[in-house]
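Structural characterization, general
The lines below spell out each chain.
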Amino acid sequence: QVHLVDSGGGLVQAGGSLRLSCTASGRTFSNYAMGWFRRAPGQEREFVAAITGSGSETYYANSVKGRFTISRDNAKETLYLQMNNLKPDDTAVYYCASESIYYSDYVDEKGYDYWGQGTQVTVSS
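All of these numbers come straight from a predicted model, not from anything done at the bench. (Residues numbered from 1 in each chain as written. Predicted model: local features only at pLDDT ≥ 70, side-chain atom pairs only at ≥ 80, totals over all residues. Heavy atoms only, no water.)

1. Quick notes on the overall build of the chain
Heads up, the rule is: Runs of H or I in DSSP of at least four residues are treated as helices and runs of E of at least two as strands, each being numbered from the N terminus. Two things to know: the radius of gyration comes from C-alpha atoms, and the globule rule equals 2.2 Å times the number of residues to the power 0.38. Partly exposed residues are those whose accessible area sits between 20% and 50% of the maximum for their type, while under 20% is buried and over 50% is exposed, using a 1.4 Å probe and protein chains only. Contacts are assigned to residue pairs that have any heavy atoms within 4.5 Å of one another.
In terms of helices and strands, the chain carries zero helices and eleven strands. For the chain, the N- to C-terminal ordering of α and β elements is β-β-β-β-β-β-β-β-β-β-β. Taken over C-alpha atoms, the radius of gyration comes to 13 Å for the chain, in line with the 14 Å a tight globule of 125 residues would show. Taking the principal axes of the C-alpha coordinates as reference, the chain spans close to 40 × 30 × 25 Å. When the 125 residues of the chain are sorted by exposure, 46% land in the buried category. Summarising the internal contacts of the chain: among those between residues at least 6 apart in sequence, 57% fall at separations of at least 24.

Quick look at the structure:
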């Protein structure tokens, strides 16, 4: 059974930075793409960023491009999301996710089989 644990969220002022982490267990981490999604209050969960298993390719939502960086350490089986220049609109619960073997789409939540429990990020103005 795959298990993902998100951490690193918190309260930060606009313009500040946070780094989220996601530790994985249960299958060979480097074989699967990973993604970050977020759900703001009253809204649906949306794609933030994704990274291939090797880490050679990354993908970002337009709203975070240039401010967020997704990375992974396959030896540590850990996924990261470095978030800089945070804005109040970035306030959400952030979830990491592990690629599905049944559906291939990095930007669609259907492309992921397993999810972390979520970590709250709150950006004050």
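Next, the rest of the story.
2. Let's talk about the pattern of salt bridges
Should the charged atoms of two oppositely charged side chains come close, the side chains can pair. Rule in force here: In the sections that follow, a salt bridge refers to a side-chain nitrogen of Lys or Arg positioned within 4 Å of a carboxyl oxygen of Asp or Glu.
What the rule picks out here adds up to four salt bridges. Residue R38 pairs with D90 through a salt bridge whose shortest N-O separation is 2.9 Å. Taken together, the residues R38 in strand 4 (residues 34-39) and D90 in the loop between strand 8 (78-83) and strand 9 (92-99) connect sequence positions 52 residues apart. Salt-bridge contacts for E109 lead to R45; the nearest nitrogen and oxygen are separated by 2.9 Å. Note that E109 is positioned in the loop between strand 9 and strand 10 (112-115) and R45 in the loop between strand 4 and strand 5 (46-51), a separation of 64 residues in sequence.

3. A closer look at the packing of aromatic side chains
Note the threshold: Side-chain rings of Phe, Tyr and Trp, where Trp is taken by its six-membered ring, are said to pair if the distance between their centres is within 6.5 Å; with planes under 30 degrees apart they count as stacked, over 60 as edge-to-face, and otherwise as tilted. To sit over a ring, a charge needs its Lys NZ or Arg CZ within 6 Å of the ring centre and within 35 degrees of the ring normal.
Overall, the coordinates contain five aromatic pairs when judged by the stated rule. For the pair F37 and Y112, a centre-to-centre distance of 5.3 Å together with 75 degrees between the ring planes defines the contact as edge-to-face. Remark: Y112 occurs in strand 10 and F37 occurs in strand 4; sequence separation between them is 75 residues. Assessed through its relative accessible area of 1%, F37 is described here as buried. Of the residues examined, Y112 reaches a relative accessible area of 4% and is grouped as buried. The rings of F37, F47, Y112 and W115 are connected pair by pair, giving a single aromatic cluster. Its guanidinium or amino end placed over the ring of W115, R45 lies 3.7 Å from that ring's centre, counting from NZ or CZ.

4. Points about a nonpolar patch on the surface
Going by this rule: Residues with no salt bridge and a relative accessible area higher than 30% make up the patches, which join like charges within 9 Å and nonpolar side chains (Val, Leu, Ile, Met, Phe, Trp, Tyr) within 5 Å. The method behind every accessible area is Shrake-Rupley, applied with a 1.4 Å probe, and residues are considered shielded solely by the protein chains displayed.
A cluster of nonpolar residues, I101, Y102 and Y103, forms a patch on the protein surface that exposes about 380 Å² of accessible area. Structurally, I101 is set in the loop between strand 9 and strand 10.

So far we have only geometry, and geometry alone does not tell us how the molecule works.
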